[in-house]
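Residue-level listing of the chains:
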Amino acid sequence: MNTNNSSRVTTKEADITTLKLDAIVNAANETLLGGGGVDGAIHSAAGPELLESCKKIGGCLTGEARITPGFRLPSRFVIHTVGPVWHGGNDSEPELLASCYRNSLALARQHQVRSIGFPSISTGVYRYPKKEAARIAVREVKHFLENDSELETVQFVCFSKTDREIYQEILEQGI
Ligand code: AR6
């Protein structure tokens, strides 16, 4: 059991498909049938079994999350969540993005996940401003960890040095 919350949250610059964790999170769309960005990378690394498994689920609403095996990925599970498309911020985007993190973490708990990696959900094709999205991600993860003693590591997996610096700054501010 690790109750030191700051040491449980880390940032990393990496392709999330290369990481060996209990679970990685996918920034999917409501069909769960794959796409570009991190979703495309996860599907190609996991192999066609992932698409078959996603087809059986039959979709996922924005803000919700679903879990599948990781198939050929080094990580055991993929947690698919659907972030909101950014429409300027007055269309429930912050609440929906927060739900993505909360629902993904709740699924992780149900499946005894000890280590999880999150990409920066919604900040690519869906255009959510990166700093605002990272603030929500950090807030939700910290809040979850305050009431959890099982999850050992949460990694914010960034696709560029600049993205990682955004998370680092927010984590250092302690908000
Ligand atoms: N590893 C880690 N992060 C990555 C990787 C990777 N391999 N590839 C991209 N990113 P996006 P969204 C970062 O567009 O905005 C898809 O078509 C990327 O730099 O993947 O939620 C889905 O099917 C960015 O910071 O997801 C949906 O239709 C972050 O991942 C739609 O895009 C998210 O960018 C979802 O859009």
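Look up a bit, the structure's there.
Presented here is a report on the structure given in the accompanying data block. Source: prediction; values computed, not measured.

### Thoughts on the overall build of the chain
And then number 1: Helix and strand counts for the chain stand at 6 helices and 6 strands.
And then number 2: Along the chain, from the amino end to the carboxyl end, the secondary structure elements read α-β-β-α-α-β-β-α-β-α-β-α.
And then number 3: In terms of overall dimensions, the chain has a C-alpha envelope of 40 × 40 × 30 Å along the principal axes.
And then number 4: Residues classed as buried in the chain amount to 48% of the 175 residues present.
And then number 5: The long-range share in the chain, meaning contacts at least 24 apart out of those at least 6 apart in sequence, stands at 69%.

### Comments concerning the site of the ligand
And then number 1: If you check the shell around the ligand, you find 21 residues, and the closest are N29, G36, V38, D39 and G124.
And then number 2: Contact distances for the ligand include 2.7 Å between an oxygen atom and a side-chain N or O atom of N29.
And then number 3: Between T123 and the ligand, the recorded distance is 2.9 Å, taken from a side-chain N or O atom to an oxygen atom.
And then number 4: Protein burial of the ligand: of its 700 Å² of free accessible surface, 91% is covered by the chains.
And then number 5: Counting atoms within 2 Å of the grid points, the majority share of the ligand lands in the largest pocket.
And then number 6: Breaking the shell around the ligand down by element, the ones donating at least two residues are β2 (23-28) and α2 (37-46).
And then number 7: Of the residues that constitute the shell around the ligand, the class distribution is 9 nonpolar, 9 polar and 3 charged.

### What about the pairing of strand β4 (residues 77-82)?
And then number 1: Counting buried positions over the 6 residues of β4 gives 6, a clear majority of the element.
And then number 2: Along β4, one buried face is formed by F77, I79 and T81 and the opposite face, lined by V78, H80 and V82, is buried too.
And then number 3: For β2 and β4, the ladder comprises 6 bridges, and the chain directions are parallel. Across the sheet, residue N26 finds its bridge partner in β4, namely H80.
And then number 4: Where strand β3 (residues 65-69) lies against β4, 5 bridges are found, and the strand directions are antiparallel.

### A closer look at the environment of Y101
And then number 1: Checked against the element boundaries, Y101 lands in helix α4 (residues 93-110).
And then number 2: Accessibility expressed as a relative area gives 1% for Y101, which makes it buried.
And then number 3: With 56 residues separating them in the primary sequence, Y101 and A45 have C-alpha atoms 23 Å apart.
And then number 4: For Y101, the residues in contact, after removing those within four places along its chain, are F118, P119, S120, I121, A137, E140, V141, F156 and Y167.

### Points about the nonpolar core
Side chains that are nonpolar tend, in soluble globular proteins, to be buried together.
And then number 1: Core analysis: the biggest nonpolar cluster contains 35 residues, and Y101, I116, F118, V141 and F156 have the highest contact counts within it.
And then number 2: Of all elements in the fold, only β2, β4, α4, β5 (115-118), α5 (130-146), β6 (153-158) and α6 (161-173) reach the threshold of two or more residues within this core.
And then number 3: Examining the composition of this core, we find that 8 residues originate from one element, α5, more than from any other.
And then number 4: Setting aside residues no more than four positions away along its own chain, F118 makes contact with I16, V25, Y101, S104, L105, V141, V154, Q155, F156 and V157.
And then number 5: Counting 16 residues, the second largest nonpolar core, distinct from the first, contains L19, L32, I42 and V157.

The rules we used
Residues numbered from 1 in each chain as written. Predicted model: local features only at pLDDT ≥ 70, side-chain atom pairs only at ≥ 80, totals over all residues. Heavy atoms only, no water. Helix = DSSP H or I, 4+ residues; strand = E, 2+ residues; numbered from the N terminus. Buried < 20%, exposed > 50% of the residue type's maximum accessible area, 1.4 Å probe, protein only. Contact = heavy atoms within 4.5 Å. Near = heavy atom within 4 Å. Polar contact = N/O pair within 3.5 Å; in protein donor to acceptor, adjacent residues only side chain to side chain. Areas by Shrake-Rupley, 256 points an atom, 1.4 Å probe, with all protein chains shown as cover. 1 Å grid on protein atoms, 1.4 Å probe; cavity = no way out; pocket = protein on both sides within 12 Å on 5 of 7 lines; lining within 4 Å. Sits in = over half its atoms within 2 Å of the grid points. Nonpolar A, V, L, I, M, F, W, Y, C, P; charged D, E, K, R; others polar. Pairing = 2+ DSSP bridges. Core = buried A, V, L, I, M, F, W, Y, C linked by side-chain atoms within 4.5 Å.

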